[in-house]
Amino acid sequence: MDKNSTATSASAPTSAGLSPAPRNYVLFVVFIAIIGAFSSLVNDMYLPTIPTMMKEFHTTPSMTQMGLSMAMLGMGVGSVLWGSASDRYGRKPTLIISLVIFVAATVVSLFSRNIEFFIVCRLFQGFGAGGAMVLSTSIPADVYMGRQLAKLMAVVGMINGVAPALSPVIGGFMADHMGWRGIFIVLLAIGLIMTFWTTKYKETLPPARRLSAHGFSDYVKAYKSLFTNGRFMIYVTIKAVAIGLLYAYISSAPFILQTHYGFSALTFGLIFGVNALAISVGSTLALKFKVMKQGLVVGCIGMFVFALVEAIIIWHEAAFLWYEIFAVPMLLFCGMIFSSSNTLSMEVGREEAGTASAILSVVKYLFAAIVSPLVGLGNMFHSTAIAYVVITLIALILARMAARLTPLADMERK
């Protein structure tokens, strides 16, 4: 790997073209997919063990849930810092350091004897995982553009959609046999493997293209330039809104499927898995559009239509068959948004890909954090139905704004 050196530009990387593509494309896709799933692995895999942890630590449900909140906080802070650091110092050293922190925090957490110690470990675990999450979208933008980038972003979009749905299911199968420490040992193994794997990859952001920041104000300028870029923020917010719908579904589905419809934990997991596949299919369907922005707009329209019908079904507590029939296409169109919005936002923010990816992650999880508790207010059927309509209506308004944007060069046509 090239040694770090200071970029010659005053405040932004010079345009030096794309870095050479990895020799083994399939392995590169697998690598990006795994680091893209880190946020879900960290938060969602151990969800089924939370009741057991509460008993082990002799604490309250709210204190146990703080482990989730602190990990989310760590990922949010980490996204901002790791994104900026990778633009200045390169992707490879930034990812290695973040993964080392993740591994160290995971090791220490295994020795937790009280909930307070565990919560602090979760903060640092999330902070380290934030680096993997951010770089899963900035690294591809270093080596691909246009249709090639869209294909890889489809994979990342698929992971963003499938991982939150499948991780609790996988964790549920592991919980009875391994407990929360066993699951954390699996996370530790994944962290070690990915750290070693990262050392084998070449740097994708050469010194000539790095951000030359001489102080805190330079980082602020980098974020300000993207936050004030209307085109970029429209794409980012559409992605965040779609994630918000996904988390509204994830937060309400256990109650609706198990408590109301009476399905077992195993059947619940199978239904979740089928619906997760719909997200995967949607992510790949976005590539069928010659104009990437059209795929985004169609995704928003389809998501709104089926979410509206699904909201009516939920509100009236209709039969499960109707609930499932309209949930599948709703999530399919959601998947279309994941891959198309990832591609479009990273194309706009290519010159500061680390910072752009950080904003994409922070805004996304901000929406998820806001939406998740809202579906549990009052009557869950009514609050979920309202959340579906409001969220997708916002996406529809943003889609109209995106459709009216003047194409920027050829990127939105590829």
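Let us look at the structure shown here. Predicted model only: the values in this text are computed from it and were never measured.

Each helix and strand in the chain was counted, giving 14 helices and 0 strands. When the helices and strands of the chain are read in sequence order from the N terminus, they spell out α-α-α-α-α-α-α-α-α-α-α-α-α-α. The buried share among the 414 residues of the chain stands at 57%. Counting only contacts in the chain whose residues sit at least 6 apart along the sequence, the fraction spanning at least 24 positions is 85%.

As a further point, take the packing of aromatic side chains. Evaluated as defined, the whole model comprises 20 aromatic pairs. Taking 6.5 Å as the distance between ring centres and 20° as the angle between the ring planes, the aromatic pair formed by W197 and Y201 counts as stacked. With a relative accessible area of 18%, Y201 lands in the buried category. These aromatic residues form a ring-pair network of at least three members: Y25, F28, F31, Y144, W197 and Y201.

Turning our eyes to something else, we now look at a nonpolar patch on the surface. Residues L73, V77, V80, L81 and V362 make up a contiguous nonpolar surface patch of roughly 360 Å² in combined accessible area. Take the nonpolar patch: its biggest share by element is 4 residues, from helix α4 (residues 61-89). Tracing the backbone through its elements, the reader meets V77 in helix α4. On the basis of relative accessibility, which here comes to 39%, the residue V77 falls in the partly exposed class.

Let's shift gears to the environment of G74. With respect to the secondary-structure elements, G74 resides in helix α4. Looking at G74, the relative accessible area reads 1%, which means it is buried. Expressed as a C-alpha distance, the spacing of G74 and L123, which sit 49 residues apart in the sequence, is 4.9 Å. If we ignore the near neighbours within four places in the chain, the residues touching G74 are L123, G126 and F127.

So, on to the side chain of S98. Along the chain, S98 falls in helix α5 (residues 91-109). On the accessibility criterion, S98 (0% relative accessible area) is buried. Discounting residues that sit within four places of it in the chain, S98 has contacts with W82, G128, G131 and A132.

Per the stated rule, a full pass over the model turns up 3 salt bridges. With a shortest N-O distance of 2.6 Å, E56 and R181 are connected by a salt bridge. With E56 in helix α3 (residues 50-56) and R181 in helix α7 (residues 146-199), the pair connects residues that are 125 residues apart, well separated along the chain. Note that D87 is salt-bridged to R91, the shortest N-O span being 2.9 Å. Neither D87 nor R91 differs from the other in exposure class; each is buried. Linked through salt bridges whose partners overlap, the residues forming this network are D87, R91 and D142.

The rules we used
- Numbers given to residues run from 1 along each chain, matching the order in which its sequence is written.
- Predicted model: local features are reported for residues with pLDDT of at least 70 only, side-chain atom pairs are reported and counted for 80 or more only, and whole-chain, interface and lining totals are derived from all residues.
- The side-chain quantities take in all heavy atoms of the structure and omit both hydrogens and water.
- Think of it this way: any DSSP run of H or I at least four residues long counts as a helix, any run of E at least two long counts as a strand, and we number them from the N terminus.
- Whether a residue is buried, partly exposed or exposed follows from its accessible area with a 1.4 Å probe, protein chains only, as a fraction of its type maximum: under 20%, in between, or over 50%, in that order.
- Should any heavy atoms of two residues lie within 4.5 Å, those residues are considered in contact.
- Between 30 and 60 degrees the pair is tilted, below 30 it is stacked and above 60 it is edge-to-face, where a pair is any two Phe, Tyr or Trp rings, Trp via its six-membered ring, whose centres lie within 6.5 Å.
- Residues enter patches when their relative accessible area tops 30% and they take part in no salt bridge; the joining distance is 9 Å for like charges and 5 Å for the nonpolar side chains Val, Leu, Ile, Met, Phe, Trp and Tyr.
- Areas reported as accessible are Shrake-Rupley estimates using a 1.4 Å probe. Residue values count occlusion only from the protein chains shown.
- The salt bridge criterion pairs a side-chain nitrogen of Lys or Arg with a carboxyl oxygen of Asp or Glu, the two atoms within 4 Å.

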